[in-house]
Amino acid sequence: MTSSWFRALTHISPYTFASIGIAISIGVSVLGAAWGIYITGSSLIGAAIKAPRITSKNLISVIFCEAVAIYGVIVAIILQTKLESVPTSKIYDPESLRAGYAIFASGIIVGFANLMCGLCVGIIGSSCALSDAQNSTLFVKILVIEIFGSALGLFGVIVGIIMSAQATWPAKTA
């Protein structure tokens, strides 16, 4: 007797899983970027009251946060190109299910890696703005740490692309 979870996972269309993965990739990445921009921007505006000189050079933190959203858009486009039409008779074949799950997992990994990356870059950008307002020699030092934080999003993109390579749909019969 099969469990209800097994039946649910094998009777939902792989296109549904793939589409949800693509949506999570772009949606959660944009959420991470927005959250990071919110954290950085609020600190930047507050610190700029004390030291107006920091406003223009600390916008790099906002740009790093926006790059997180761009990572999600790029991966969503890549995942979208992985979708192929399959005859109705082969839609629940193991190869179809594997392709749908691979795209789903890839989207989840990219989305949540970019969510954490956006938070990381936002918090570091916030501290960069606040510390730059106090001591301008700290800007470059903290910017290097921010670059390392933004690498988290790139790691998620790389892992997502590697996982999406497993998405091969059954061959169409003539």
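What counts, and where the lines are drawn
Residues numbered from 1 in each chain as written. Predicted model: local features only at pLDDT ≥ 70, side-chain atom pairs only at ≥ 80, totals over all residues. Heavy atoms only, no water. Disulfide = S-S within 2.5 Å. Helix = DSSP H or I, 4+ residues; strand = E, 2+ residues; numbered from the N terminus. Expected span 1.5 Å × (residues − 1). Polar contact = N/O pair within 3.5 Å; in protein donor to acceptor, adjacent residues only side chain to side chain. UniProt positions renumbered as here; feature names shortened; annotations may be inferred. Phe/Tyr/Trp six-rings, centres within 6.5 Å; stacked < 30°, edge-to-face > 60°. Lys NZ or Arg CZ within 6 Å of the ring centre and 35° of its normal.

### Quick notes on the state of the cysteines
Put plainly, two cysteines are in a disulfide when a covalent bond ties their sulfur atoms together.
Now for step 1: In this structure the tally under the stated criterion is zero disulfides.
Now for step 2: For the unlinked cysteine cysteine 65, the closest cysteine sulfur is that of cysteine 117, found at 7.9 Å.
Now for step 3: The thiol sulfur of cysteine 128 is not disulfide-bonded, and the nearest other cysteine sulfur, from cysteine 65, lies at 11 Å.

### Notes on helix α2 (residues 14–50)
Now for step 1: In a regular helix each residue adds 1.5 Å, so 37 residues correspond to 54 Å; α2 covers 55 Å between its end C-alpha atoms and thus fits that length.
Now for step 2: You can read the cap of α2 off the contacts: a side-chain oxygen lies 3.2 Å from the backbone nitrogen of tyrosine 15, and it is on serine 13.

### Quick word on the UniProt feature "transmembrane region" (unreviewed entry) in the protein
Now for step 1: Mapped onto the present numbering, the UniProt feature "transmembrane region" (unreviewed entry) falls at residues 12–38, 59–79, 99–126 and 138–163.
Now for step 2: End-to-end, the C-alpha atoms of residues 99–126 are 40 Å apart, and along that stretch the chain is 100% helix and 0% strand.

### Here's the deal with the UniProt feature "domain: V-ATPase proteolipid subunit C-like" (unreviewed entry) in the protein
Now for step 1: Mapped onto the present numbering, the UniProt feature "domain: V-ATPase proteolipid subunit C-like" (unreviewed entry) falls at residues 20–79 and 104–163.
Now for step 2: Helix makes up 93% of residues 20–79 and strand makes up 0%, while its end C-alpha atoms are separated by 11 Å.
Now for step 3: Overall, residues 104–163 shows 93% helix and 0% strand. The separation of its end C-alpha atoms is 10 Å.

### Let's talk about the packing of aromatic side chains
Now for step 1: One pass over the full model with this rule turns up three aromatic pairs.
Now for step 2: For the pair tyrosine 15 and tryptophan 169, a centre-to-centre distance of 4.9 Å together with 10° between the ring planes defines the contact as stacked. Note that tyrosine 15 is positioned in helix α2 and tryptophan 169 in the segment after α6 (139–164), a separation of 154 residues in sequence.
Now for step 3: The rings of Phe17, Tyr101 and Phe104 are connected pair by pair, giving a single aromatic cluster.
Now for step 4: The ring of phenylalanine 139 has lysine 57 lying over it, and the distance from NZ or CZ to the ring centre is 4.9 Å.

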